[in-house]
Each structure stands twice: as structure tokens, then as C-alpha cells.
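# Chain and residue survey
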Amino acid sequence: MSNDLRGVRIEFAEVMQGYVSAGATTFADGYADGEQAGNRLALHVSVSIADLQDFLDQSGHAGTLSGYVDCALLGGACTVQSGTFRLMPDTADRDRKVMYYQVRCTAPSGERFTFVGNKQVQHGAPFDLWHDTTTLFVNVFDGHVDPAQPAQARVRATGIISLGLSDFMKVLRGLRAVDAQGNASIAGLAAFGKFFAGKLWEVYGPHLPPAPNQAPRRYAKFTTEGVRDAAISAHPFPTADGLRLELTRFSRGTSDDVILVVHGLTSSSDMFIMPEHQNLVQTLLDQGFPDVWALDYRGSCRFPYNLARSRYNFDDIALFDHPAALAELRRHIGPQRRVHVIAHCIGALTMAMGMFGKTVQRISSATFNSVALTPHVPGWSALKLALAPWASDYLLGIEYYNPGWRRQPGWSAGKMIAMTADLLHRECASPECHMLSFMWGTGKPALFNHENMLDVTHDRLGDLFGGVDVHYYRHVRRMVSAANTAVKFEPGNRRYAALPDDYFADAAAMTTPMLLIQGQDNRVFADSNIRCHERLEEIVPGRHRLHVFPGYGHQDIFMGRNAALDVFPHLIAFLREHAQP
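Below or above, wherever it landed, is the structure these notes cover. (Residues numbered from 1 in each chain as written. Predicted model: local features only at pLDDT ≥ 70, side-chain atom pairs only at ≥ 80, totals over all residues. Heavy atoms only, no water.)

With that out of the way, let us pick up the overall build of the chain. Secondary structure summary: the chain contains 18 helices and 19 strands in total. The C-alpha radius of gyration of the chain comes to 25 Å, within 12% of the 25 Å expected for a compact globule of 581 residues. Each of the three principal axes of the chain carries a C-alpha extent, and together these read 80 × 60 × 45 Å. Burial statistics for the chain: of 581 residues in total, 57% are counted as buried. Taking all contacts inside the chain whose residues are at least 6 apart in sequence as the whole, residues at least 24 apart take part in 72%. Element-wise, carbon and sulfur atoms account for 53% of the exposed surface of the chain, whose accessible area totals about 23,000 Å². Mean positive and mean negative side-chain charge positions of the chain (54 and 58 charges, respectively) differ by 3 Å. (Helix = DSSP H or I, 4+ residues; strand = E, 2+ residues; numbered from the N terminus. Rg over C-alpha atoms; globule rule 2.2 N^0.38 Å. Buried < 20%, exposed > 50% of the residue type's maximum accessible area, 1.4 Å probe, protein only. Contact = heavy atoms within 4.5 Å. Areas by Shrake-Rupley, 256 points an atom, 1.4 Å probe, with all protein chains shown as cover. Lys, Arg positive; Asp, Glu negative; His and termini not counted. Charge placed at Lys NZ, Arg CZ, Asp CG, Glu CD.)

This is how it looks when you write it as C-alpha cells:
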């Protein structure tokens, strides 16, 4: 890069307007509720890049912000005291860039708040460049917080603001490049424009899929080295329908409060004991819960049950797996100790089905991530649920979907699907990540935000996730079609006579307190737990609780690099609230 850019200053101004709400937990709801209530928010900022050469050389591509935030909900016009602008910084995402706006303000009343907004620049639909580069998703946090750790702060308002066409033209007309002598710099404007266009080309331009190079394995498959200073024992047990499942106990001693953690479908108990970061089991042990158990039910990738055609559905897990697991657990701990459950995804859904269907009883508290009794999925996911099981059974002859297909030798229908997923998902170099996005959810990636995952975790996705039987998708679709309610798959089947047709029917009788959690960016089960909490509040106000984590998606709630700082303290606090004083 020419030294002519050293000392060149770039300046432009933006005005973005929209709506926010103090009561919403998703960006779309914040905008809709704010619009209805008239809670308009406008961001008036000037962007300054002090040295264009430094801006281009540094991976963060940062500048400063000045101006004000105008919102009656926040107290009026609030001057920006300090602000940072980052224009599509370099990240591990290959086709996703983010524009960050982070400002700290003080309202006229003296209250302090932090405004954090980002534009998600990702080629997810045709002709979406304009929407992506002009739409800012906004969270306003109480106090002057660290914008890098938003999940640790309290959200004050949420919504969406955007840059209109006329305002965009003003940005272009006001864009200035000035050299160190104060003269207009044509070279500076050209270099800045080339950088911006190049970043957009990385996202929206055509690219070939990456080669499926396997990263060297750093940790042994199914390793327990992530848990220190605990006695580890395996406890296999049978189910009434003839499967062998397993509980793993991590113990530092006895306790009146025993914790049971339950994984999601296609993963395993490994998601709670990962050695590359502070994991959930280690955190529970360190925080004074010395008796932690992890369940691997029939949906675990440690077992072969999902690598063959079956007719298993979620009723099987609620009727056979969870009750048998609790019986085995109580065989070891006795009948009097309190059991607290922390469950994820389908593990949470089926555990909730067992509790509300009364096959699982005497649970002292339950924390459910992503989904409980109201499965709701994005539109593209709903279409996949409608078409994929039929096409798999009758067109392709596929019994299961496997995130590891791309690396298998030879040719097969599954490998062709994996190669197609590679073509559609250019966001990273992991074919397992691409297939997991194809299998679950809507997004690039669907299961998590890449920035929340350590590289070593991303490299071992093939060890942490396995195949899934096609038939399970049919039960998800049945629930989505039943007004987003957990219902029995085959109401007339006598095998499941002990279960209710509608698991929500007797919600008023459920006295076990639940903490429903989810990431604000969940692209698998969307706002399912938000909807569940809303429905439960209508039936039993105040009995159950909801917490939404900004900056998190679906799987990174437990597997993210900073989950121990951002997420686990909320789980620990809820456990202590319902444990023995």
C-alpha cells in the first residue's frame, strides 16, 4: 500500500432511524413493539478514521464515533461520550462480515447506557446487499459496559434501525478524505472505496468450496480430560424398549443437590465436558455442586442408534429414556436428594415432555436451553422439515443424515448432499459445519456464531456431532404444525398410552420452577423459549423465568469460548436459588 495514505483522514456522517422496545427480547419484536408504542430511536453519528493506512493494515478496521442517540425511551438526545466503529473486521467467517457501532452515552437525567449495533453482511438471499448494509440490529445496555461482553450486561432496549435511501445519498455526498496537509485526497477516497468494495465482493461474489482438509485431532474422541479433580464413573442402564444407554457421574463427594445435564440430538454428553475451555460440568463442580451426572440417551452420537433407519420419535425418549435414567440415578443417590436438570435442545424438549407428561417427576428445578414445549423454527427450516424426510425415504433412500459425509471415501447420495452443502455454505472451511447447518436450522452457520467458538472446537465438530435418524424430523414438523406445541407423534398408538396427546394441556399443574434460556441469535429453534415463557406466564404468572443472551445462538450457549463468563453464572444463580440453603 502506498505511503501516500499515511495520515489520510476519512470522515462521513450517518443518520439511522427505527424503533426499539424495552420489553422485547428479539430484534424483530423490539421493532414491532416499538413502532406500535411510538418508541423511535435515531442514531446521529460522525465516523472518523484518523489514519487510513493504519485502518487498512489492522484487522479490526476501526474508527471513532461522535454524535448523539435520540430516543424518548432513553430520555431524549444523549451525547456520545466515546464510540467505536469497526467496518467489516477480519474474522474466521469467509462470507460474513459485520459493521459494528458501539457508543457509550449519558442521558440528560444522568443515567448511563451503552448502545451496541451491528449490520450483518451475509449473502443469505438474492438481492440482499442493500438490506444487509443499511440495517442495524440494536441492543441498548444499562451502564457503560464492555461491548465485547454484551451477554454479561442487562438489556434495556432492543430493536432495529436503518439507513434510508436519502440518508445513504447524504453519506456518499459527505464522504471526505483529507491528507495530513488538509487537502482533499483522491487516492484516499479510491483506497477506501476499493477496501469497501473488496469486502463486499468477499461476501457476495462467487467462490469455489474449500477443500475438505481434516484438521489434526488435538483431543481424543469422547475424552474426559476436561473435568479435573473428580471421580468419574460410567453407569450403563437399559430402557424398557431394549436399548442400552449410559449415565456418567462426576463426583467430588455427596450432596443434597444433584445435577443432571442432558445433551441435544446428534451431540452427546461431550458438549458439557469439553477440555478446550471452562466447561459446564467443571464449573458446577467448582461452584459447590459436587455430584454431577451426564446422560447419553438414544439421541447421543456415542451410540449407533441414529445411523440406521428406525421409527423412534421424541415420545420414545420421554417415555423410555428419561424415566429410566432418573431411576438409575436415584438407585445410586437415594430417593430423598433433590435433582436439578440442565438440558439442551431436543434433550430439553423431551425432558420437558417427560415432566409435563408425568413420566419424569420430583425434579427440583429445570433449566432448558433453546426449546421446551413450543418448537418454532425459521421459514427455511420449516420447508426442509416438510420435504426432507419424504425425499430421504422415497427419492434418495437415505436412512440418516451425517455431518461427516463429506470426508467419506467413494461416492454416495450422502456425499453428494454434503458437497451440495459445501457449495451453499461458504462461511468456513469445515464440511461438518456446513452439514450441521443443512441438518439443523437456517443460517451460515446455523448452530452458533462463529466468533463464539474456539478454532479447536470448530475443528472437532465431526467428533462432537453425529448422525440423526430421518424420522425425528417428522416429529418436529408435527409439533410445528400443531401451533408450535409439543404434541404426541401418534395419538392413537397404544405404545404411548401413558403420555398426553398435548404436553401443554396440564401446564398449570407443573410446580417445578423452570429457567428458559436461549441466544438472541438462535437460528435453530428461533424464539421458541420466548414463546414458551409467554404462554406459561398466561397460565402461571411468575412461576417460570426467561433469560435471553445477546450475541449467542443455539449451541454456543454451552460450547462457546466465553460461556463460563456469559452464561453459566445465570445457571448457577438459578440452581442456588432452588438448592438447600
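Below, the discussion takes up the nonpolar core. By size, the foremost hydrophobic cluster in this structure holds 115 residues, and its most contacted members are Leu260, Leu284, Phe314, Phe368 and Tyr401. With sequence-adjacent residues up to four places away left out, Tyr401 is seen in contact with Ala388, Ser392, Ile417, Met435, Phe438, Met439, Gly466, Gly467, Val468, Val470 and Tyr473. Membership of the second largest hydrophobic core comes to 45 residues, among which are Leu56, Leu65, Phe115 and Ile161. (Core = buried A, V, L, I, M, F, W, Y, C linked by side-chain atoms within 4.5 Å.)

Here we have 8 strands laid out as an open sheet, ordered 10-11-13-12-14-15-18-19, and mixed in their pairing. The two strands at the open ends of the sheet, each matched to only one other strand, are strand 10 (231-238) and strand 19 (545-549). Strand-to-strand twist across the sheet, computed as the mean angle between neighbouring axes with direction ignored, equals 20 degrees. Of the pairings in the sheet, the one linking strand 14 (residues 338-344) to strand 15 (residues 365-369) comprises 5 bridges and is parallel in character. Following the sheet pairing, Ala343 is matched in strand 15 by Phe368. Helix 15 (residues 528-539) contacts strand 15, strand 18 (514-519) and strand 19 of the sheet and is inclined by roughly 150 degrees relative to strand 18. Across the sheet, helix 18 (residues 568-578) touches strand 12 (257-262), strand 14, strand 15, strand 18 and strand 19, and the angle it forms with strand 15 is around 160 degrees. (Pairing = 2+ DSSP bridges. Axes fitted to C-alpha atoms, helices over the stretch in contact; angles between N-to-C directions.)

Remember that side chains alternate between the two faces of the sheet whenever the strand is regular. Inspection of the sheet shows strand 2 (residues 40-49) paired to strand 3 (residues 62-71) by 8 bridges, in the antiparallel sense. Bridge pairing links Val45 to Gly67 in strand 3. Two strands pair when backbone bridges link them, and strand 3 and strand 4 (residues 76-87) are joined in this way by 7 bridges, in the antiparallel orientation. Bridged to Asp70 within strand 4 is Ala77. Linking strand 3 to strand 4, which pair antiparallel, is a turn of 4 residues; within it Gly75 sits at a positive phi near 110 degrees.

What follows deals with the environment of Gly18. Mapped onto the fold, Gly18 is located in strand 1 (residues 9-21). Measuring from C-alpha to C-alpha, the distance between Gly18 and Leu163 comes to 8.9 Å, with 145 residues separating the pair along the chain. With near-sequence residues (within four places) excluded, Gly18 lies in contact with Tyr31, Asn39, Arg40, Leu41, Ile160 and Ile161.

The interhelical angle for the contact between helix 7 (residues 314-333) and helix 14 (residues 471-481), taken along N-to-C directions, is 100 degrees, at an axis separation of 8 Å. Viewed along their axes, helix 7 and helix 14 adopt a mutual orientation that is roughly perpendicular. In this structure, helix 7 contributes Phe314, Asp315 and Ile317 to the contact, and helix 14 contributes Tyr472, His475, Val476 and Met479. Of the residues assigned to the contact of helix 7 with helix 14, the class counts are 5 nonpolar, 1 polar and 1 charged. (Parallel < 35°, antiparallel > 145°, perpendicular 65-115°, else oblique. Nonpolar A, V, L, I, M, F, W, Y, C, P; charged D, E, K, R; others polar.)

Don't take any of this as a statement about function, it's just geometry.
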